[in-house]
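# Observations on the three-dimensional arrangement
Each chain is listed here by its residues.
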Amino acid sequence: AITVDPATQGARIDRTMYGVFFEDINRAADGGLYAELVQNRSFEYTTDDNKSYTPLTAWTVTGGAQVVDDDGRLNARNRNYLSLDAGSAVTNSGYNTGIRVEDGKKYDFSVWARAAGRTALTVSLQDSGGALATARQVAVKKNGWARYRATFTATRTSSAGRLTVATADAAALDMVSLFPRDTYQHEPNGLREDLAEKIAALHPGFVRFPGGCLVNTGSMQDYSEDSGYQRKRSYQWKDTVGPVETRATNSNFWGYNQSYGLGYYEYFRFAEDIGAMPLPVVPALVTGCGQNKAVDDDALLKRHIQDTLDLIEFANGPVTSKWGGLRAEMGHPKPFHLTHIEVGNEENLPAAFFARFTQFRAAIQAKYPYMQVISNSGPDDSGTTFDTAWQLNKDAKVDMVDEHYYNSPQWFLQNNDRYDSYDRSGPKVFVGEYASGGNTFKNGLAEAAYMTGLERNADVVKLASYAPLFANEDYVQWSPDMVWFNNHASWGSANYEVQKLFMNNVGDRVVPSTATGTPSLLAPITGAVGLSTWNTSAAYDDVKVTDADGNTLLTDDFSGDAGQWTHTGGGSWAVQDGQYVETSDTAENTMVQAGDPSWHDYDLHVKAVKKSGK
Ligand code: AHR
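Residues numbered from 1 in each chain as written. Predicted model: local features only at pLDDT ≥ 70, side-chain atom pairs only at ≥ 80, totals over all residues. Heavy atoms only, no water.

## Some words on the side chain of Q39
In plain terms, the rule: Under the DSSP-based scheme used, a helix requires at least four consecutive residues in state H or I and a strand at least two consecutive residues in state E, with every element numbered from the N terminus. Relative accessibility decides the category of a residue: with a 1.4 Å probe and only protein chains considered, values under 20% of the type maximum give buried, values over 50% give exposed, and everything between is partly exposed. In this description, contact between two residues means that some pair of their heavy atoms is separated by no more than 4.5 Å.
Along the polypeptide, Q39 turns up in the loop between β2 (18–21) and β3 (59–62). Owing to a relative accessible area of 8%, Q39 belongs among the buried residues under this scheme. Residues contacting Q39, with those up to four places away along its chain left out, are R27, Y45, T57, A58, W59, N92, G94 and Y95.

## Structural notes on the sheet that holds strand β28 (residues 490–492)
Quick note on the threshold: For two strands to count as paired, DSSP must find a minimum of two bridges between them. Interaxial angles span 0 to 180 degrees and are taken between N-to-C directions of axes, which are lines fitted to C-alpha atoms, for helices over the stretch in contact.
Spatially, three strands are ordered β26-β27-β28 in an open sheet, and the strand pairing comes out mixed. Two strands bound the open sheet, and with one partner strand each, they are β26 (470–472) and β28. Geometrically, the sheet is characterised by an average inter-axis angle of 20 degrees between neighbouring strands, direction not taken into account.

## So, the site of the ligand
We count it as follows: In these notes, residues near a molecule or strand are those with any non-hydrogen atom within 4 Å of it. Polar contact is the term for a pair of N or O atoms within 3.5 Å; when the atoms are in protein, one must be able to donate a hydrogen and the other to accept it, and sequence-neighboring residues count only if both atoms are side-chain atoms. The Shrake-Rupley method, run with a 1.4 Å probe sphere, supplies the accessible areas, and residue values consider only the shown protein chains as cover. Three classes are used: nonpolar for Ala, Val, Leu, Ile, Met, Phe, Trp, Tyr, Cys and Pro, charged for Asp, Glu, Lys and Arg, and polar for all others, with Gly counted as polar.
Surveying the vicinity of the ligand reveals 13 residues, the closest of which are E23, C213, E346, Y406 and E433. E23 places a polar side-chain atom, nitrogen or oxygen, 2.6 Å from an oxygen atom of the ligand. Between the ligand and C213, the relevant distance is 2.8 Å, taken from an oxygen atom to a main-chain nitrogen or oxygen of the residue. For the ligand, whose unbound accessible area comes to 280 Å², protein coverage reaches 95%. The class makeup of the residues in the shell around the ligand is seven nonpolar, three polar and three charged.

## Focus: the packing of aromatic side chains
To be explicit about the condition: Any two of the Phe, Tyr and Trp rings considered here, Trp counted by its six-membered ring, make a pair once their centres fall within 6.5 Å; the pair's planes then place it as stacked at under 30 degrees, edge-to-face at over 60, or tilted in between.
Tallied over the entire structure, the rule returns 41 aromatic pairs. Between W237 and F314, the aromatic rings sit 5.1 Å apart at their centres with planes inclined by 40 degrees, giving tilted as the arrangement. Placement of the pair is W237 in the loop between α2 (213–216) and β16 (250–251) and F314 in helix α4 (residues 298–316), with a sequence separation of 77 residues. Like W237, the residue F314 is buried in the burial classification. Relative to F357, the ring of F353 lies with its centre 5.4 Å away and its plane at 40 degrees, an arrangement referred to as tilted. With a gap of four residues between them, F353 and F357 both fall in helix α6 (residues 350–367), about one helical turn apart.

## Comments concerning empty space enclosed by the protein
Rule in force here: The distinction between a cavity and a pocket rests on a 1 Å grid over the protein atoms alone: a 1.4 Å probe fits inside a cavity but cannot get out, while a pocket stays open yet meets protein on both sides within 12 Å along at least five of seven lines, and a residue with an atom within 4 Å of a point counts as lining. Grid points are joined across faces, edges and corners, and a volume is the space filled by probe spheres set on the points.
Inspection of the entire model under this criterion finds seven cavities of 30 Å³ or more. The space that makes up the largest cavity amounts to roughly 100 Å³. In terms of lining residues, the largest cavity is bounded by 14 residues, among which D30, N40, R41, Y45 and S259 are the most central. Residues that form the lining of the largest cavity fall into these classes: four nonpolar, six polar and four charged.

## Points about the sheet that holds strand β18 (residues 277–282)
Spatially, β2-β15-β18-β21-β22-β23-β24-β25 is the arrangement adopted by the eight strands of the closed barrel, whose pairing is parallel. Each strand axis lies, on average, 25 degrees off the axis of its neighbour in the sheet, ignoring direction. Note that β2 and strand β15 (residues 206–209) share two bridges and pair parallel. Residue pairing for β15: V20 is matched across the bridge by V207. Lying over the sheet, α6 contacts β21 (340–343) and β22 (372–376), oriented at roughly 175 degrees with respect to β22. Running over the sheet, helix α7 (residues 384–395) touches β22, β23 (400–406) and β24 (428–435) and is turned about 165 degrees from β23.

## A few points about the packing of α4 against α6
Put simply, the test is: A clockwise turn of the near helix away from the far one marks a right-handed crossing, whereas an anticlockwise turn of less than a right angle marks a left-handed crossing.
Here α4 crosses α6 at 35 degrees, and the two axes come no closer than 10 Å. Crossing geometry of α4 relative to α6 is assigned as right-handed. Here L301, H304, I305, T308, L309, I312 and E313 of α4 come into contact with α6, specifically with R356, Q359, F360, A363, I364 and K367. Looking at the contact of α4 with α6 residue by residue, the classes come out as seven nonpolar, three polar and three charged.

Spelled out as structure tokens, the structure:
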């Protein structure tokens, strides 16, 4: 029996308790959440970034063209441009399979261009089957850089589109861009709608960004410091704001390039659009994630501390301030209401980290006493480094400590009581990254069970986010992930459904309860797995399952009128090692299988089919 005394009030649960953690890992940003369809739009890829890259990665030239870096460049942070010979053309292949366009939808093309005389650009969209839209003419009118635009309306749907820019006379091109008109909430320089909607549907309390290892690895120097045009830089917010054509490309810890088109302004705007608290992470001048080095450069540390103060001014400062003014220029005069900031990520050198963290915190709280400055406890959930970090956090009376753990489902089930014994007078806890090692139902269930322990301890655990959030199925470097996608579809995992359930049902208070008796063991899940639908009305006859393109995968009869079930896929299934395994092969089973590597090829749409005449 479970006994609940409604008169006893437990801990208050903050509305912000469950959130999301976005990191550009698994190509989650460019070719993912950031809606830009052109890859390497500014010809900035280099072999130093990644051995497979050149300045013409994702481009093919017909005729003559050279990538040029000279005084005629667009600006100091966008150094390369393409010099295209008269009568030549250049074609971009987009990300993964190509450029995704949908029949009837609008796509906005833009390019920075200049030509010695006037020239006409012909811009077209096509795939191997021919044109995907009517080609557009763009007149380049001057010998100085200017931005030119055109709009396409797609006449077919394709995930393998190509964008071609051809020129009659010689022309220089940079920042060749194609955006779907339908970005999330129609924001300019916006986000891919289905991916943003999946996050929005969670109703997250906060968005932690931009990393992760992305933040505290690589050079801590600025793009142009030491005249080296630093690549492989840690994520530094000033690189990512202002007009997109002035944001220098970077190669990141996860081995590929970031355009920074999705930058700090876009993160703040997205958090605001979905009603979530923004929670940025800045580097603490300790290089983590296996590299474990402290950066000993006092001037650089001071610069990063000042950058962090400037970040707060960018988020909250008046429009008359330098950085608040930039925010206003970018389109958001009102503040973003930043209240929490994290310094450092998973730091493995507690003493070196604390020597730097305390300087950040002192400077931040001197200027912005209301800011909560979040520290961390390193990469492990226990051990000497963890204990040392926690002791330092307690001694320094830190507001909140970020803990990360990636463990087995068993660990999550066995550690439900982890926070029952945490010191109530010490720092609060932010579980900034956690996952139980898989995307199966069993993992989701173990995480759900664990989250009841987080919630029971809502007086100590203030924030929690599953990690990582996104994976592009063609570039998976970390799995499991909460939401998966390719060029034309996205799908949430079992873990996503668990997060959605908790985030959409955040209670006000914990109601203390006690349980007696021995719960019976759950039987292992075996047998039929299928799709069941309940007929609510006599007007409906069948249930139809289609894929994303509307092709019927099956139609099943309701066995009677209203108040009847229909079942599909009722073949033989078993759970082995936490995966659903198909043990008999019928078309129906193949369609609805979960846990199999091919399951996500199906984007299923279930429709009730009306009886004729009703
Ligand atoms: O979430 C993936 C990685 O796991 C993060 O970048 C890092 O913080 C952790 O090690």
